[in-house]
Each structure stands twice: as structure tokens, then as C-alpha cells.
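What follows is each chain in one-letter form.
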Amino acid sequence: MFVVTGATGNVGSELVRLLAAAGEQVTAVSRRPAPLPGGARHSAGDLGDPAGLKAAFEGAGALFLLVAGDEPRAVLEAAAAGGVRRVVLLSSQGAGTRPGLYGHPVAFEEAVRESGLEWTILRPGGFASNAFAWAEPIRAHRTAAAPFADVALPVIDPADIAEVASVVLREDGHAGRTYVLTGPGPVSPRERAAVIGEAVGAEVRFVEQSREEARAQMLGFMPEQAVEGTLAILGTPTEEERRVSPDVERLLGRAPRTFADWAARNAVAFR
């Protein structure tokens, strides 16, 4: 049995679907239930409350773990007690490129490596689905705003992250590996707005925010350290952060999906 935490999120919901479609038994862990495919059951749980996850882990063999809560070692101990032998952690590329600004995922990575379980770490770059933040202003005003308009990064489709996670959860040969996951090519915020416009059949006007404007907005829903790390990557990416990783293609046997693929699939959110 597979346990998927964050099962209602952009990655987790697709991972539950993929595992269930492959005939696997899946326990989908989230605070609130959501519609699930056949072969999957819901277990209410919060990574901030490791003791409350014991029932979800009972009889499980593998765990997909998000960076959430502040007690990764307690979560992993509960997982091991329930029978989990393999854990796949969804971390962040910033844990490798800017560990000083990504202390939370770094702490989870350290806990996973020291857990005694068979582990694999996934370090995705920016998510294509971050563009959902533009959904309301694009629907209302056909406008998208972001800082660093022409700084291009290889953002990844969450569906590709889920597919990679499905592979490394179910296959042997990935123990002790860390994979960096990116899209197939760099695309800037201005370009992403134009691509969404093409997907919905209407021009989307791009407005460049200042760093300070973006910071103030992001502090409304992100911790300060995470905001600083995100702005550093968005505004002054390192060579590694700009680089297209080969890991998705190596693991899936195909190129990563493009941002245009993601936009076309999710166009209804912007109409």
C-alpha cells in the first residue's frame, strides 16, 4: 500500500490517480476529503500532528512525503512503525542551490537521509501551477502581474512531478538518489502570461511588479524566509537554477511537458 500526503494538492491528487490507475492500493492523506478514484481511500491527517498519522501508515509499504509541519523525524518514525520501508520526499531545488534560505526542506532532507528507510528526494524547480495565482485577475481584467518579467526559468508541470513520484515509489533502483526536476526549457513570466492568453484566446496584459511589491504580496501567504528564497531564485537565478535537468526525461523516457501544455490543460481556470 502507498500513502500519499498532500493528496488534494497539485502533485498529490495526480499521484493518487496514477497509483490507483496502476492497480495499487492508496491511502490519500489530507485534512479534508476530496473525490478519489477507485482503489484509493481517504485518511484525515496533518503532517503537523505526527501522532494522528499512525492509522494512515498502518500496513503501508511506501510513503510520498511533503515538506510540511515541523517534526519530520516524528512523521518518519510513525511511518516506519506502520511498516513503511520506502519514502519519496518532495523537497525543493532551493534546498540544493540555496540551503541557507531553504532551511525547512533542508531539515526534511536530513531527516529522510537519517531515517533508516530507503529514500529518494525529488527537488523540483518552480511549478507551472504557480500561474494559478493569476487566474482571478486574468478572468476579471485580462491582466497578470509578477516581478522580474524577463528572467526565464524552466518551470515544471506538477503532473510530471507526480509521474516521476509514481515511478520511484513503485520501482527499485532509486534508493539514495536525489533528482532535480524541471521543464524542457526556460520561460519568463511575460512569456507565460502570453502563453495563457493563447490558451484562452484573448490577449493577457503583463504588468511588471517591483521586488518590493511582489514581496509584500507574497508575505500574505508565505513565511519570510521562503519569500526571500523565492525572490532570489526568480530575480537572480544561478546557472544551476536556469539549467534544464535531464532527470525527468531519464526517468519517464520522454521530454517534460511544456508550459504551453500545462496552460492548454488548465485554460478553463483563466476564462
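Check the entry above for the structure.
Please read all numbers here as calculations on a predicted model, not as lab measurements.

If you walk through the whole model with that rule in mind, you get 5 aromatic pairs. Between the aromatic rings of W262 and F270, the centroid separation amounts to 6.0 Å while the plane-to-plane angle is 70 degrees, which identifies the pairing as edge-to-face. Relative accessible area serves as the criterion here: at 2%, W262 is assigned to the buried category. The structure contains a cluster of three or more aromatic residues connected by ring pairs, namely F132, F259, W262 and F270. The residue whose ring lies beneath R113 is W119, and the NZ or CZ to ring-centre distance is 5.5 Å.

Mapped onto the elements of the fold, Q93 is located in the loop between β5 (86-90) and α4 (94-97). Classification of Q93 by relative accessible area gives buried; the value is 7%. Sequence-distant contacts of Q93, defined by excluding residues within four places in its chain, comprise R123, P124, G125, V180, E240 and E241.

Moving on, we get to helix α1 (residues 12-21). Here α1 lies mainly inside the structure; 7 of its 10 residues are buried. Buried residues along α1 sit in contact with β1 (2-5), β2 (26-30), β3 (40-44), β4 (62-66) and α7 (158-170). G23 sits one or two positions beyond α1 and adopts a positive phi of about 85 degrees.

To continue, consider the sheet that holds β5. Read across the sheet, 7 strands follow the order β3-β2-β1-β4-β5-β6-β8 without closing on themselves; strand pairing throughout is parallel. Since the sheet does not close on itself, it has two edges, and those belong to β3 and β8 (177-181), each with one partner. Across this sheet, the average inter-strand angle for adjacent strands is 20 degrees, counted without regard to direction. Of the pairings in the sheet, the one linking β1 to β4 comprises 3 bridges and is parallel in character. By the bridge assignment for β4, F2 is matched with A62.

Moving on: the pattern of salt bridges. Applying the stated criterion across every chain, the model contains 19 salt bridges. Taking the shortest distance from any N to any O, the salt bridge between R98 and E241 comes out at 2.8 Å. Taken together, the residues span a long stretch of sequence, with R98 in the loop between α4 and α5 (103-113) and E241 in helix α11 (residues 239-242) at a distance of 143 residues. Judged by relative accessible area, R98 falls into the buried class, the value being 15%. A salt bridge links D160 to R257; the nearest nitrogen and oxygen atoms lie 2.4 Å apart. Of this pair, D160 sits in helix α7 while R257 is found in the loop between α12 (247-252) and α13 (259-265), placing the two residues 97 residues apart along the sequence. Connected through salt bridges with shared partners, the residues D160, E163, R254 and R257 form a single ionic network.

This part covers the environment of S115. Secondary-structure assignment places S115 in the loop between α5 and β6 (118-124). Taking the C-alpha atoms as reference points, S115 and R73, separated by 42 residues in sequence, lie 7.3 Å from one another. Polar side-chain contacts of S115 include one of 2.7 Å to the backbone oxygen of V112. Here L117 takes part through its backbone nitrogen, which lies 3.1 Å from a polar atom of the side chain of S115.

Each value, and the rule that gives it
- Residues numbered from 1 in each chain as written.
- Predicted model: local features only at pLDDT ≥ 70, side-chain atom pairs only at ≥ 80, totals over all residues.
- Heavy atoms only, no water.
- Phe/Tyr/Trp six-rings, centres within 6.5 Å; stacked < 30°, edge-to-face > 60°.
- Buried < 20%, exposed > 50% of the residue type's maximum accessible area, 1.4 Å probe, protein only.
- Lys NZ or Arg CZ within 6 Å of the ring centre and 35° of its normal.
- Helix = DSSP H or I, 4+ residues; strand = E, 2+ residues; numbered from the N terminus.
- Contact = heavy atoms within 4.5 Å.
- Pairing = 2+ DSSP bridges.
- Axes fitted to C-alpha atoms, helices over the stretch in contact; angles between N-to-C directions.
- Salt bridge = Lys/Arg side-chain N within 4 Å of Asp/Glu carboxyl O.
- Polar contact = N/O pair within 3.5 Å; in protein donor to acceptor, adjacent residues only side chain to side chain.

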